[in-house]
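A structural walkthrough
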Amino acid sequence: MENTEIRIGGMSCQGCVKNISGVLGGLPGVASAEVSLEAAQARVAYDPQQVSRAELLAAIEDAGFDAA
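For the chain, the helix and strand inventory stands at 2 helices and 4 strands. Here the chain has a C-alpha radius of gyration of 11 Å; the compact-globule value for 68 residues is 11 Å, and the two agree. For the chain, the C-alpha atoms occupy an extent of roughly 30 × 20 × 20 Å along the three principal directions. The contacts of the chain with a sequence gap of at least 6 include a subset with a gap of at least 24, amounting to 60%. One way to put it: in the chain the 4 positive side-chain charges average out to a point 6 Å from where the 9 negative ones average out.

Turning our eyes to something else, we now look at the nonpolar core. In terms of nonpolar packing, the biggest core is built from 18 residues, with Ile6, Ile8, Met11, Ile20, Val44, Leu56 and Ile60 touching the most fellow members. Contributions of two or more residues to this core are made by strand S1 (2–9), helix H1 (14–25), strand S2 (30–36), strand S3 (41–46) and helix H2 (53–62). When residues in this core are grouped by element, the largest group, 4 residues, is from H1. Each residue touching Ile8, except ones within four places of it in the same chain, is listed here: Ile20, Val35, Ala40, Gln41, Ala42, Ile60, Phe65 and Asp66.

Topologically, Gly15 is positioned in helix H1. In this structure Gly15 comes out as partly exposed when scored by relative accessible area, which is 41%. As for Gly15 and Leu37, which are separated by 22 residues in sequence, their C-alpha atoms are 9.9 Å apart.

About the thresholds
Residues numbered from 1 in each chain as written. Predicted model: local features only at pLDDT ≥ 70, side-chain atom pairs only at ≥ 80, totals over all residues. Heavy atoms only, no water. Helix = DSSP H or I, 4+ residues; strand = E, 2+ residues; numbered from the N terminus. Rg over C-alpha atoms; globule rule 2.2 N^0.38 Å. Contact = heavy atoms within 4.5 Å. Lys, Arg positive; Asp, Glu negative; His and termini not counted. Charge placed at Lys NZ, Arg CZ, Asp CG, Glu CD. Core = buried A, V, L, I, M, F, W, Y, C linked by side-chain atoms within 4.5 Å. Buried < 20%, exposed > 50% of the residue type's maximum accessible area, 1.4 Å probe, protein only.

Okay, structure coming up:
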């Protein structure tokens, strides 16, 4: 497992947090995703054999948010 922090822009409420948590949690290889509205970031534990950091970023962006 690897851990990464992803900065997220465009979140304005807990609904956004739930949306992003659901998107990340639904990806294969993601063990956990903790999304913080206050910190504007997500901490993700994932298996790099199954999903890449670039795919995590793309999933967040596809959900309508900025990710870096």
